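Chain residues, written in single-letter form:
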Amino acid sequence: MKTILFNTDSLIMGGAEKLAIQYVKALSKDYKIILLVNEDNGKEGNILEKDIPENVEYKFIVDKIIMDNINKYRTLKHKHKKNLWYRIKYNYFLKQRRKSFRENIIDYVKNKKYDILIDFNNKLPLEIADNRMISWLHLSLKGMKAKQKEKNAEKFKKIKKVIVINDDMKKEFKEYFPESLNKAERIYNLFDIKEINNKSIDDSLLSEDEKNKLKEKYIVACCRLDRQKDLETLINAFSNLKKEENIKEKLYIIGDGDKRAELENLSKKLNMSEDIIFLGTQKNPYIWMKNAEFFVHSSHKEGFGMVLVEAMITNGLVVSSDCPVGPREILEDGRSGILVKPQDITEMEKALFEMMTNKEIQNIKKENSQKRMLDFSLEYNYKAIKNIIEI
């Protein structure tokens, strides 16, 4: 049985993190997996730790004391934004994290016998890159800095394969790294459709208050609350629609991140605190997706947009920004959902209203999305990565 070292960044509730665990679950049925997790974010932060299969050995790479201090000073600097000391300490421990990661991962890998090394976030150093490494690229390559491009170019020449997650990214790869084009393989992110559907009807993790919220009419967004996800556009569009059309629906936002306080303040400023509900991180977001009127995504940059496929599986109705790269390909140029120009409040408002009110559009989009989601099934895409491992 081949031994695979699988490196991922953390066990927080994020798209790439969930995907990593999905791959680990699938691979662990055919191979010996050792999961190397860069960050130990403690009991509250390691939400996905419970999903690691029992037959998978795992260890954390960055020294625990460094991660404890990063999380401590991250909280303090957001709570006391004018305190320069907290920001200095936070940046110091970030630097220590990079050093700890580099030293520890090189030491571990060089002293371990293995057959394949999966570099799931394309963060492993060049010193351990060889023809046993498979790297993943999860985001558009546009805007990549020259120094990073140079490092990647050298790395990609040495390794076995580079996985890109949609056709647009493969085109970008050809432009940025033509000398390594033969290394690039497009493999869609894989989804366990049966597992997601089972979770979408499981309310065991919900409080009574949350169960009551499920009964409301609402649309839902689920993402990290950061600049890339551009929730400002969505919040402003929803606020305009609420005031102009007197719609009954509320907007639920699932997730957490650096911009949460700022986004909550924006909602208050727009007098939307009763209608825009921040639910925070949810261990089971699928039940919220299933019970929503539809799902909405406002990001101005993506690599794939995993949450769009999850919404197609659980709900079938999706409104998404037409950002690079991912949404247009997933939604088949708009056949399986409504695409909106990124960062355009007026277009987002129109799209939300159309999805709320046009039954014909709802029926067409749902029918198409239920067919399209099968292209992302675990069974279909796992075969592709297994073939690469076995070459």
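Our structure is the block above this text.
These lines cover the structure that appears in this document, whether it is placed above or below. (Residues numbered from 1 in each chain as written. Predicted model: local features only at pLDDT ≥ 70, side-chain atom pairs only at ≥ 80, totals over all residues. Heavy atoms only, no water.)

1. Focus on unusual backbone geometry
Phase 1 of the analysis: Of the consecutive residues proline 324 and valine 325, the connecting peptide bond is found in the cis state with omega at -20°.
Phase 2 of the analysis: Along the polypeptide, valine 325 turns up in the loop between strand 12 (318-321) and helix 13 (327-330).
Phase 3 of the analysis: With phi around 60°, aspartate 333 is a residue other than glycine that occupies positive phi space.
Phase 4 of the analysis: For aspartate 333, the location among the structural elements is in the loop between helix 13 and strand 13 (338-340). (Helix = DSSP H or I, 4+ residues; strand = E, 2+ residues; numbered from the N terminus.)

2. Remarks on the environment of arginine 260
Phase 1 of the analysis: Within the element layout of this structure, arginine 260 appears in helix 10 (residues 260-269).
Phase 2 of the analysis: Residue classification places arginine 260 among the partly exposed positions, given a relative accessible area of 22%.
Phase 3 of the analysis: Considering only alpha carbons, one finds arginine 260 and threonine 314, 54 residues apart in sequence, at a separation of 26 Å.
Phase 4 of the analysis: Not counting chain neighbours up to four residues away, the residues in contact with arginine 260 comprise Leu225, Gly255, Phe278 and Gly280. (Buried < 20%, exposed > 50% of the residue type's maximum accessible area, 1.4 Å probe, protein only. Contact = heavy atoms within 4.5 Å.)

3. Some words on helix 10
Phase 1 of the analysis: Three or more residues of helix 10 are buried, namely Leu263, Leu266 and Ser267. Buried residues along helix 10 cover an arc of 100° about the axis, so they all sit on one side. Exposed side of helix 10, more than 90 degrees from the buried face: Lys268 and Lys269 are the residues found there.
Phase 2 of the analysis: Check the buried side of helix 10 and you find it contacts helix 9 (231-245) and strand 10 (276-280).
Phase 3 of the analysis: Once helix 10 ends, the next one or two residues include asparagine 271, with phi positive near 60°. (Arc of directions from axis to C-beta.)

4. Observations concerning the pattern of salt bridges
Phase 1 of the analysis: Tallying each qualifying case throughout the model produces 31 salt bridges.
Phase 2 of the analysis: Taking the shortest distance from any N to any O, the salt bridge between arginine 328 and aspartate 333 comes out at 3.3 Å.
Phase 3 of the analysis: Relative accessible area serves as the criterion here: at 56%, aspartate 333 is assigned to the exposed category. (Salt bridge = Lys/Arg side-chain N within 4 Å of Asp/Glu carboxyl O.)

5. Details of helix 9
Phase 1 of the analysis: Taking 1.5 Å per residue as the helical rise, helix 9 with its 15 residues ought to reach 21 Å, and the 21 Å between its terminal C-alpha atoms agrees with that figure.
Phase 2 of the analysis: When we look at burial in helix 9, the residues that qualify are Leu231, Glu232, Thr233, Leu234, Ile235, Ala237, Phe238, Ser239, Leu241 and Lys242.
Phase 3 of the analysis: Taken together, the buried residues of helix 9 touch strand 8 (218-222), strand 9 (250-254), helix 10, strand 10, strand 11 (295-297) and helix 14 (345-357).
Phase 4 of the analysis: One or two positions beyond helix 9, positive phi appears at asparagine 246, with a value near 55°. (Expected span 1.5 Å × (residues − 1).)

6. Focus: a nonpolar patch on the surface
Phase 1 of the analysis: Residues Leu84, Trp85 and Ile88 make up a contiguous nonpolar surface patch of roughly 350 Å² in combined accessible area.
Phase 2 of the analysis: Taking the relative accessible area as the measure of exposure, isoleucine 88 reaches 45% and is therefore partly exposed. (Patch = residues over 30% accessible without salt bridge, like charges linked within 9 Å, V, L, I, M, F, W, Y side chains within 5 Å. Areas by Shrake-Rupley, 256 points an atom, 1.4 Å probe, with all protein chains shown as cover.)

7. Quick look at the environment of lysine 211
Phase 1 of the analysis: Note on placement: lysine 211 falls in helix 8 (residues 208-214).
Phase 2 of the analysis: Taking the C-alpha atoms as reference points, lysine 211 and tryptophan 288, separated by 77 residues in sequence, lie 9.8 Å from one another.
Phase 3 of the analysis: Leave out the neighbours within four places in its chain, and lysine 211 touches Asp203 and Leu206.

8. Comments concerning the packing of aromatic side chains
Phase 1 of the analysis: Counting across every chain of the model gives 17 aromatic pairs.
Phase 2 of the analysis: Summarising the aromatic geometry, the rings of tyrosine 218 and tryptophan 288 are spaced 6.3 Å apart at their centres and angled 65° between planes, so their arrangement reads as edge-to-face. With a gap of 70 residues between them, tyrosine 218 in strand 8 and tryptophan 288 in helix 11 (residues 286-291) connect regions that are remote in the sequence. Here tyrosine 218 and tryptophan 288 have matching classes, each one buried.
Phase 3 of the analysis: Between the aromatic rings of tyrosine 252 and tryptophan 288, the centroid separation amounts to 5.8 Å while the plane-to-plane angle is 75°, which identifies the pairing as edge-to-face. Within this pair, whereas tyrosine 252 is found in strand 9, its partner tryptophan 288 is found in helix 11, the two being separated by 36 residues in sequence. Of the two residues, tyrosine 252 and tryptophan 288, both sit in the buried class.
Phase 4 of the analysis: The residue whose ring lies beneath lysine 77 is tyrosine 90, and the NZ or CZ to ring-centre distance is 4.7 Å.
Phase 5 of the analysis: The ring of tyrosine 114 is capped by arginine 132, whose NZ or CZ atom sits 4.0 Å from the centre of that ring. (Phe/Tyr/Trp six-rings, centres within 6.5 Å; stacked < 30°, edge-to-face > 60°. Lys NZ or Arg CZ within 6 Å of the ring centre and 35° of its normal.)

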